[in-house]
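# Structure at a glance
So you can see what is in the structure, the chains are spelled out below.
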Amino acid sequence: MNQLTDQHLLTIIQTNAINQQLLALLPKLQIPDCILVAGCLFQTYWNHQAGQHAEWGIKDYDIAYFDDDLSWEAEDRVIQRVHEACAHLGVNVEVRNQARIHLWYKTRFGADYPQLRKATDGIDRYLIASTCVGVDVYTGELYSTYGLDDLQHNVLRLNPLNPLAGLFNDKAASYRQRWPWLKLADQH
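If you're wondering where the values come from, they're calculated on a predicted model, not measured in any experiment.

Cut-offs and rules
- Residues numbered from 1 in each chain as written.
- Predicted model: local features only at pLDDT ≥ 70, side-chain atom pairs only at ≥ 80, totals over all residues.
- Heavy atoms only, no water.
- Helix = DSSP H or I, 4+ residues; strand = E, 2+ residues; numbered from the N terminus.
- Buried < 20%, exposed > 50% of the residue type's maximum accessible area, 1.4 Å probe, protein only.
- Contact = heavy atoms within 4.5 Å.
- Pairing = 2+ DSSP bridges.
- Core = buried A, V, L, I, M, F, W, Y, C linked by side-chain atoms within 4.5 Å.
- Axes fitted to C-alpha atoms, helices over the stretch in contact; angles between N-to-C directions.
- Parallel < 35°, antiparallel > 145°, perpendicular 65-115°, else oblique.
- Nonpolar A, V, L, I, M, F, W, Y, C, P; charged D, E, K, R; others polar.
- Arc of directions from axis to C-beta.

As a further point, take the environment of V135. Relative to the helices and strands, V135 is located in strand β4 (residues 133–136). V135 gets classed as buried once you look at its relative accessible area, which sits at 1%. Taking C-alpha positions, V135 is 9.7 Å from I63, a pair spaced 72 residues apart along the chain. Once residues within four sequence positions are removed from consideration, V135 is found in contact with L10, I13, L23, C34, I35, L36, L41, G140, E141 and L142.

Before going further, it helps to examine the pairing of β4. As paired strands, strand β1 (residues 35–37) and β4 are joined by 3 bridges and run antiparallel to one another. Bridged to L36 within β4 is V135. Relative to strand β5 (residues 142–144), β4 runs antiparallel, the two being bridged by 3 bridges. Residue V133 lies in a different strand from β5, and its bridge partner there is S144.

As a further point, take the nonpolar core. Ranked by internal contacts, the top residues of the largest apolar core, which has 61 residues, are W46 and V82. Among all residues touching W46, those that are not within four sequence positions of it are L151, N154, L156, Y175, W179, W181 and L182.

Take the packing of helix α1 (residues 6–13) against helix α3 (residues 39–50) next. Where α1 meets α3, the closest approach of the two axes is 9 Å, and the angle between their N-to-C directions is 85°. Viewed along their axes, α1 and α3 adopt a mutual orientation that is roughly perpendicular. Contacts between α1 and α3 pair L9, I12 and I13 from the former with L41, T44, Y45 and H48 from the latter. Residue composition of the contact of α1 with α3, grouped by class: 5 nonpolar, 2 polar and no charged.

Once that is clear, we can look at the sheet that holds β4. Strands sit in the order β3-β2-β1-β4-β5 across an open sheet of 5 strands; the sheet is mixed. Two strands bound the open sheet, and with one partner strand each, they are β3 (93–97) and β5. Direction aside, the axes of adjacent strands within the sheet are offset by 30° on average. In the sheet, strand β2 (residues 61–65) pairs with β3 via 5 bridges, with the strands oriented parallel. Each residue of the ladder has a partner; that of I63, found in β3, is V95.

Although it is not a glycine, Q30 adopts a positive phi angle of roughly 55°. Inspection of the secondary structure assignment puts Q30 in the loop between α2 (17–25) and β1. Phi at D33 is positive, roughly 50°, even though this residue is not glycine. When you line up the elements, D33 lands in the loop between α2 and β1. Classification of D33 by relative accessible area gives partly exposed; the value is 31%.

Here α1 has its buried residues at L9, L10, I12 and I13. Summarising the axial view, the buried residues of α1 lie within an arc of 160°, below the 170-degree limit, and thus occupy one face. Looking at the buried side of α1, the elements it contacts are α2, α3, β4, β5 and α7 (149–152).

Listed below in structure tokens is the structure:
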């Protein structure tokens, strides 16, 4: 098996018509430090591995951005603008200002969360290391915190930057219901 490269993964990500449309549409909205992230990327890859339709099993399409304005009103304006622009896609689009996550994370997930300095800092803290990926909507470049080895080999590993075992186990179980061949890494 050849090593999975950024370019090969980007090609697979583009087989998902929703990803393709989002990557074309989002730059026009001029959202600061905007990245298409998470499930719509790695789940498209898993679907490719499984011979499934590119959009199969993807519950939502996540967009991360970074804006120093920490008000809910500013984030809500971006959310509404994206939802209006994406309404024709017929999918659930989640938009989050990474600068604000530390304000609500503990209440929602029961753990402290550091204040982030850029959108990729949020990617770095996803619960599962192989899912720490994003595509910059302005440059089209792939960002991957831990490289692509675990993704290529279908490994779900606890992210050492966000070692919340209970949340990891729940998320991994959800993924394994849809893609049962995914493997849990040894978590010593």
